[in-house]
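Next come the chains, spelled out residue by residue.
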Amino acid sequence: MSAEKLQKLDGTDYDVVVVGGGAAGASATQNLSANGYRVLLVEQGDFASGTSSRSSRLLYCGLAYFSPDYPLWRAIFHPREMYQRIRMARLSMHCRTEIATTMPERVKALDFVFPVQKKSDYPRWKVALGYRALSVFGSRNAPLAYRHQRMPEAATSGVVSHMDGSKLTGVARFREYQYDWAERIVMDTVVDAQRLGAEVANYVRVDSFRRDGGDWVLTLENGPRPGRPAAGSNQRAEVRARYLVNAAGPWVDRLLKQGPVPPKRSHVVGIKGVNVVVKLPDDCRGQGFETLSSKQQPFYLMPWGDHHFFGPTETVFEGRPEDVRVEPEEVDYLLGEANRVFPELNLSRNDVRYAWCGVRPRTDDQTSDGVKSFTIHDLAKEGLENAITITGTPIMVHRHAGRSIAKWVSARCKATGTPGKLDPGAQLLPVDDGPTIGGVPIVSLRAAAEREHVHTLLDLMFRRVNLGWQVDLGLPHAEAVAREVADILGWDDARIGEEVAAYRAFVAEHFHSVSGLAETAA
C-alpha cells in the first residue's frame, strides 16, 4: 500500500478489524460486512499469498474423518470422538457441495480412485463403509458417485493400468472436485466484501495493538513486497475497532506477541506440505487417486492440466512460515511414494517439472477427541477482551469459518453499518475476443490491474489471473504482462525491469527444479 493510502486509514474507526487476507480472513470480512459491520481487512502481503496459495487444490470429500485406519472399536469407548468425526465429515461434504454449486467456474469434477490391496488392514468392506458413510452427506448437485470396481476390469486404462495389479483386488471409484486456482477464490471473496462496504488493504502489516477505552487501537505500517523493500516503511497509521479477529494463519502467534499481553501458549502448529509436478502417460489425464503412504499418512495424485502432482509431505515446521522451501530429500520421498504405487514408471528428479510447499496452520491445543478442526479461540481467556484467533481453517471450509466468526461477533455487539446481500459466486473479470497473453485476455489483465489492488507483477500473474500456476509458471509471459499493464500501475521501463526480475527471482526461490525454465524464459 502506498504511503498516501495508508495515511487515509489513519484515525478511522471500525466495528471489526480482521488481520489476515487468506481464505478465513476474507470470508470473515465478507460475512461481517453482509451483516452490516464496518470492517477493515489488513494483510501483510498480498491477499491469498500465504497458506491459501499453497493448498492441495482439492475440494476434499472428508474421507480422512472416516479413514480406513480408524479402528471401529474406538467408536464404542470414545463416542465423542466418533461424533466429532461424523460432524466434520458432514461439514466437509456440505462445504464441498456449496463451493461446487455456487462457483462452478472455479472447480472441475475429476475421476478419483482409492486402490484396495489384497494384503492390507483396509479390506474392501471397510473402504466401502467409509465412502458410503460419506455419501449420506452428499448432494445430487455434487455427488460422491462411489462405486467399487474389481480387478482386472479396473486396470483396463488410466491410472490403475500403471499400478501393480497383482497387489490389488479392485479400486473404489468416486468423484472429487478440484479448485485449480485457490487464490482467485480468495480474491472473489475479497472483491465481494469490498462491494459490501469493507475496507481492504494489502501490503499493510500490524506493528502493534493495544487497548484504549474499551477499543482496540492498531498501529499499521507498509509491509514488504516480494523482491523489493517496503515502500515508505516509516509511514504509519492508527485505526480503532471494537473487535479484533486474528486470522493470520501460521502467523497468528507472531501477531499476538505484538499485543499488550504476552501469549501464554501457542495456538498453531505449522505442518509443512510439499507437492511435486510430473508428466504421467496421457491415459492418466484428468484422473487421480487417494491412498495412504508408507507412513500411513494421506497421499494423493492430483491432475494438473496435462500434468499431475503428488503430495503431500506432512512434517512439523518450526521456522518462520515465509522461510519454508522445498528440500531435495522431500522431493525424493514423494518420488519414492509415487514409485511404490507406480513401480513401472520409475520416476526420478529428472521427471519433476517443479515443486512447491507451504505451511498449514493446524490447531495446537487439540481437544481430547483428537479430531483436527476449525477452532475459534476466545482470547478473553488470555487477557485480550473482544478478540479471537482463528486456527485450523483449510480453504475447503473457509465459508463455514466466515459465518461462524460473524455469528460470534453478532452475539456480542450490534452492527453500525448497513447490511447487504452476500454474493457467493465467482467475481469474473471481463473477457473478449481480443488478443491474449498466455491464453489470458488482455482485457482481463488490465481490468484486474485497475480494480483489484495489484501492487506487483506477482500479484497479477499468480492471484488475479491464472498465469503463474501454468506449467511454465508464467515465466515466458512475465515481461509482456508487465508492459501491458504498466500505464495503469504507473510503471516506467526501470520499474518494469524490476518487476520482471523480482517475479523470476521469486519463482526460482520458491519452486524447486525450475532452473531450466528460468533459463529458457530469460
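Residues numbered from 1 in each chain as written. Predicted model: local features only at pLDDT ≥ 70, side-chain atom pairs only at ≥ 80, totals over all residues. Heavy atoms only, no water.

Caption draft 1: Quick peek at the overall build of the protein chain. A tally of regular secondary structure across the protein chain gives 14 helices and 20 strands. Relative to the globule expectation of 24 Å for 522 residues, the C-alpha radius of gyration of the protein chain, 23 Å, shows essentially globular dimensions. Judged by the C-alpha coordinates and their principal axes, the protein chain covers about 70 × 60 × 40 Å. Looking at the protein chain as a whole, 56% of its 522 residues qualify as buried. Mean positive and mean negative side-chain charge positions of the protein chain (64 and 63 charges, respectively) differ by 7 Å. (Helix = DSSP H or I, 4+ residues; strand = E, 2+ residues; numbered from the N terminus. Rg over C-alpha atoms; globule rule 2.2 N^0.38 Å. Buried < 20%, exposed > 50% of the residue type's maximum accessible area, 1.4 Å probe, protein only. Lys, Arg positive; Asp, Glu negative; His and termini not counted. Charge placed at Lys NZ, Arg CZ, Asp CG, Glu CD.)

Caption draft 2: Structural detail: the pattern of salt bridges. Using the criterion set out here, one finds 38 salt bridges in the structure. When the shortest N-O distance is used, the salt bridge between aspartate 212 and arginine 240 registers 2.8 Å. Placement of the pair is aspartate 212 in strand β8 (residues 204–212) and arginine 240 in strand β10 (residues 236–246), with a sequence separation of 28 residues. Judged by relative accessible area, arginine 240 falls into the partly exposed class, the value being 25%. Between arginine 320 and aspartate 323 there is a salt bridge whose closest N-O contact spans 2.8 Å. (Salt bridge = Lys/Arg side-chain N within 4 Å of Asp/Glu carboxyl O.)

Caption draft 3: Spatial organisation of the nonpolar core. Formed by 104 residues in total, the largest nonpolar core has its most connected members in Tyr131, Leu445, Leu457, Tyr503 and Phe511. Per-element tally for this core: the top contributor is helix α4 (residues 79–102), with 7 residues. (Core = buried A, V, L, I, M, F, W, Y, C linked by side-chain atoms within 4.5 Å.)

Caption draft 4: Structural view of the packing of aromatic side chains. Taken as a whole and assessed by the stated rule, the structure comprises 24 aromatic pairs. Relative to phenylalanine 511, the ring of phenylalanine 462 lies with its centre 5.8 Å away and its plane at 20°, an arrangement referred to as stacked. Here phenylalanine 462 is found in helix α11 (residues 457–464), whereas its partner phenylalanine 511 is found in the loop between α13 (493–510) and α14 (515–521), with 49 residues between them in sequence. Site record: aromatic cluster; members linked through ring pairs are Tyr300, Trp304, Phe309, Tyr354, Trp356, Phe462, Trp469, Tyr503, Phe506 and Phe511. Here the guanidinium or amino end of arginine 57 rests over the ring plane of tryptophan 469, the centre of that ring lying 4.3 Å away. Between lysine 295 and the ring centre of tyrosine 333, over which it is positioned, the NZ or CZ distance is 4.5 Å. (Phe/Tyr/Trp six-rings, centres within 6.5 Å; stacked < 30°, edge-to-face > 60°. Lys NZ or Arg CZ within 6 Å of the ring centre and 35° of its normal.)

The values are spatial; any link to function lies outside them.
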